[in-house]
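What follows is each chain in one-letter form.
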Amino acid sequence: MIKLTSIFINIVALNVFILSKNHGTVYAAEHSTPSEDKNNSRNLGTNKGNVEPRNSLPNDWSLDDNEGRYIVKYKKDSKIFLHRLKMAEANAADGGKRTLRHLASDDDAAGTRGLRGNGNNNGGNGNSGGNGNNGGNGNNADKGNSGNNAGNKGNSGNNAGNKGNSLAARKNFFPKDRAELIHGKSEQEAAAWAMHDEVEYVEKDTKIFLMQSGTETVPFGINQVQALDLPDDAVGNRKVCIIDSGYDFYHPDLSSDPALVTGTTGSAGPWDSDGDGHGTHVAGTISALGGNGQGVVGINRNGKLKLHIVRVFGDSGSWAWSSGLVAAVEACVEAGSNIVSMSLGGPGSTQFEASAYDRIFNEENVLLIAAAGNSGSSSYSYPASYPSVMSVGAVDINEQIASFSQFNDQVDISAPGVSVKSTTPGGTYATYSGTSMATPHVSGVAALIWSLYPTKSAQEVWQAMIQSAKDKGSPGRDNYYGFGIVQAKDAANLLGDVSFTSSPTATPTCVDSPEGWYDSDGPTFNCQWYSTGSNCATYGDSYANQGVTANMACCSCGGGLRSTPSPTTAKNTATPTSSPTTKAPTTKPTPAPTVSPTKSPTASPVETCYDSPSNWYDSDGPTFDCVWYAVGDRCATYGNYYENFGKTANEACCECGGGTTTPPPPGTCLDSPQGWYDSDGPTFDCQWYSVDNRCSLFGDSYANGGVTANMACCDCGGGVTSS
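Let's talk about helix H7 (residues 322-334)
In step 1: With 13 residues, H7 ought to run about 18 Å at 1.5 Å a step, and its terminal C-alpha atoms sit 19 Å apart, in line with that.
In step 2: For H7, a buried count of ten out of 13 residues is recorded, marking the element as mostly surrounded by other parts of the structure.
In step 3: Regarding H7, the residues found buried are Ser-322, Ser-323, Leu-325, Val-326, Ala-328, Val-329, Glu-330, Ala-331, Cys-332 and Val-333.
In step 4: The positive-phi residue at the C-terminal boundary of H7 is Gly-336, with phi of around 85°.

Next comes the structure, spelled out in structure tokens:
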């Protein structure tokens, strides 16, 4: 379980089944409780000691109350995990009609048939499904109600058009971590899973809670962290993800631009509403609008900072599961976030979380920031106390550590967290206290200074903030303030100082992809142009070229491709690398002329790749063709398995690096462009249009790249004929 950090975060204890060893795991940020086993700590063996509880636990909190939820961590080479994940995705596309059997029935690994996902998670009619706000009956009324006009993409065929299926299929799986969440299992059943040869361990899921306490005063913290001493003109090139209780989308002091504020809705409720108020308060500290003559001012006040909201707490703000928190952080990463702000936590830790956050920070280059906790003790709160997460303590208006702020050797930095005034739902304002309130000050500062040097890494931003912090308490780092109070201007100066040298530890490097990309208005509008001012925020999701926008292609906009560095420990004193000079902002030149010029290729022509054999699919049937493999990381996950026609996907499919440059026999019809899909996304490709009468219903609409299905797809009478 997890609770928000402006009050308390309690995460229920996890029992890890590894050769009869029991690793306790609990989340309770401001209600600290001694755990029976303290050895499952940050350094895997360091006993952090027992601390007497400061407050009584919530009535619904129990170390044993995991409701039959367990996390199964599979071994790296587990074929069963791949098989279960793949079948779950297939089942989602099939409406979730089949249920994954117990692990024991999967012992034939990839050879088992008919396991098409978890029947409890079919996603067919969810908010993101065929009948949801983002599905077939969304804003485009002409796509709706296929029962009467055959126009609903979401409900036609075998639910193949249900856009909610992909998310529903994976909500119990963590592909990058080779883990699966299972439900309704007894401890005996969980122990049986743990004994399987392909399972590394099984542990209980935990609960997390909110963390807050409230009084009333003005938002002194903005000046205390030097936020107004820096320009926020460039913050449009950063995205902060807030994992909390939601966001009041219609608050007059918060951005309501759908191009800048997006979100992920889960079981806790719609992301763009907030019955608890905690998440809206956090958002106001990060980015409340300035200069509008009302309310408060945030760290980033020009309304251009991108936000992604993931709601994990309901209107009561009680608790959530730690596995859900990992899934929420993954949603932040997939949305292109640079920073994840978590005003929440709990006393329990898991190996699964620790490894996931380490990967996200060190490999995905995403800065993770969380509340230290509100129990006023030396106990540890998670995720803040994981090595790859920045732990934030709270100070008052006089820069004194708050009485409730947890203190230990994992606190990294501190920020204003006592009587902080910010936005609350319904266009109102309130003052809250808690490390939940301190956390968004640090998250906001991180976005502000990073926006000035967008080519820097998360590791470098981390180091700049802690090394420039205003030292308080004992000289140097201490367990109360960490390295001190975050200072925006000083951190930015340090980050931009050429003498700020790097440590031997490698940091991720980013390469624009495709290299040399520019937008549809021509070479003037390349990644370097987008790196200035707020161009990423203003234009980054438009003007696609080669099917890619600036926010997808350019490192300075949060896109591009990043190298995988050697693993590092975030909580250290490593010094970041030097930075390039700051680019001066420019105004967008006059758009392209009214007559589109002929574009000259920037490089030698590249030979066309053809899937080989044409219309290949894997051993599990036509559903799993090259188009299916082209989505997400399926080539990497499944591409070396499920051979059919003598080839795997990585050998047969161009999207997986296979295929052939030898053209098909003369007279063969080829979809053109190859791999085309319509403006609603990859689900609606030529294979989707080949079913029933979809070509006649939709084939002249939903153009993508200026091409409709009836122009692109052979099955719709389009395509090109090989010569």
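Here's the deal with helix H6 (residues 278-287)
In step 1: Counting buried positions along H6 gives ten out of ten residues, so the element sits mostly inside the fold.
In step 2: Taken residue by residue, H6 has His-278, Gly-279, Thr-280, His-281, Val-282, Ala-283, Gly-284, Thr-285, Ile-286 and Ser-287 as its buried positions.

Some words on the side chain of Arg-238
In step 1: Looking at where Arg-238 falls in the secondary structure, it is placed in the loop between helix H5 (221-224) and strand E8 (239-244).
In step 2: One buried charge, Arg-238, has no salt-bridge partner; the nearest side chain with opposite charge is Glu-460, at 9.9 Å.
In step 3: Those residues within four positions of Arg-238 in sequence are excluded, and the remaining contacts are Leu-305, Lys-306, Asn-338, Ala-447, Trp-450, Ser-451, Pro-454, Cys-555, Ser-556 and Gly-558.

Looking at the packing of H7 against helix H8 (residues 351-362)
In step 1: Between H7 and H8, the least distance of the axes is 10 Å, while the angle of their chain directions is 10°. The angle between H7 and H8 places the two elements in the roughly parallel class. Along the contact surface, H7 presents Ser-322, Leu-325, Val-326, Val-329, Glu-330 and Val-333, while H8 presents Phe-352, Glu-353, Ala-356, Tyr-357, Arg-359 and Ile-360.
In step 2: Of the residues contributing to the contact of H7 with H8, the split by class is eight nonpolar, one polar and three charged.

Observations regarding the sheet that holds E8
In step 1: The strand order E9-E10-E8-E12-E14-E15-E16 describes an open sheet built from seven strands, whose pairing is parallel. If you trace the sheet from one side to the other, it starts and ends with strand E9 (261-264) and strand E16 (413-416), each paired once. Each adjacent strand pair in this sheet contributes to an overall mean axis angle of 25°, direction not counted.
In step 2: Sheet topology places E8 next to strand E12 (residues 339-342); four bridges connect them, and they run parallel. Within E12, the residue paired with Cys-241 across the bridge is Val-340.
In step 3: Strands in contact with H6 are E8, strand E10 (306-311) and E12; relative to E8, the strand with the most contacts, it is inclined by about 155°.

Structural notes on the pairing of strand E17 (residues 420-424)
In step 1: Counting buried positions along E17 gives four out of five residues, so the element sits mostly inside the fold.
In step 2: Between E17 and strand E18 (residues 428-432), which pair antiparallel in sequence order, lie three residues; one of them, Gly-426, sits at a positive phi of approximately 85°.

Points about the state of the cysteines
Disulfides are covalent bonds that connect the sulfur atoms of two cysteines.
In step 1: Inspection of the entire model under this criterion finds nine disulfides.
In step 2: Across a sulfur-sulfur distance of 2.0 Å, Cys-626 and Cys-653 are joined as a disulfide pair. Sign of the S-S torsion, about -80° for the bond between Cys-626 and Cys-653, identifies this disulfide as left-handed. Of this pair, Cys-626 sits in helix H15 (residues 626-629) while Cys-653 sits in the loop between helix H17 (649-652) and strand E21 (669-670); the two residues are 27 residues apart in sequence, bridging distant segments of the chain.
In step 3: What makes Cys-653 buried here is its relative accessible area of 0%.
In step 4: Each sulfur in the disulfide pair Cys-686 and Cys-713 lies 2.0 Å from the other.

Quick look at the pattern of salt bridges
In step 1: One pass over the full model with this rule turns up 14 salt bridges.
In step 2: Here Asp-620 makes a salt bridge to Lys-86, at a shortest N to O gap of 3.2 Å. Pair noted here: Asp-620 is in the loop between strand E20 (561-562) and H15 and Lys-86 is in helix H1 (residues 79-93), with a separation of 534 residues, a long-range link.
In step 3: Residue Arg-359 pairs with Glu-364 through a salt bridge whose shortest N-O separation is 3.4 Å.
In step 4: You can call Arg-359 buried: its relative accessible area is 9%.
In step 5: When salt bridges with common partners are traced through the structure, they connect Lys-176, Asp-177, Glu-330, Arg-359 and Glu-364 into a single cluster.

With respect to the packing of helix H9 (residues 435-452) against helix H10 (residues 458-467)
In step 1: Orientation of H9 relative to H10, taken along the N-to-C sense of each, is 115°, at an axis distance of 10 Å. By the angle between their axes, H9 is roughly perpendicular relative to H10. Crossing hand, H9 versus H10: right-handed. For the pair H9 and H10, contact is made by Val-442, Val-445, Ala-446, Ile-449 and Trp-450 and by Ala-458, Val-461 and Met-465, respectively.
In step 2: Grouping the constituent residues of the contact of H9 with H10 by class yields eight nonpolar, no polar and no charged.

The rules behind each value
Residues numbered from 1 in each chain as written. Predicted model: local features only at pLDDT ≥ 70, side-chain atom pairs only at ≥ 80, totals over all residues. Heavy atoms only, no water. Helix = DSSP H or I, 4+ residues; strand = E, 2+ residues; numbered from the N terminus. Expected span 1.5 Å × (residues − 1). Buried < 20%, exposed > 50% of the residue type's maximum accessible area, 1.4 Å probe, protein only. Lys, Arg positive; Asp, Glu negative; His and termini not counted. Salt bridge = Lys/Arg side-chain N within 4 Å of Asp/Glu carboxyl O. Contact = heavy atoms within 4.5 Å. Axes fitted to C-alpha atoms, helices over the stretch in contact; angles between N-to-C directions. Parallel < 35°, antiparallel > 145°, perpendicular 65-115°, else oblique. Nonpolar A, V, L, I, M, F, W, Y, C, P; charged D, E, K, R; others polar. Pairing = 2+ DSSP bridges. Disulfide = S-S within 2.5 Å. Left-handed = near helix turned anticlockwise from the far one by under 90°.

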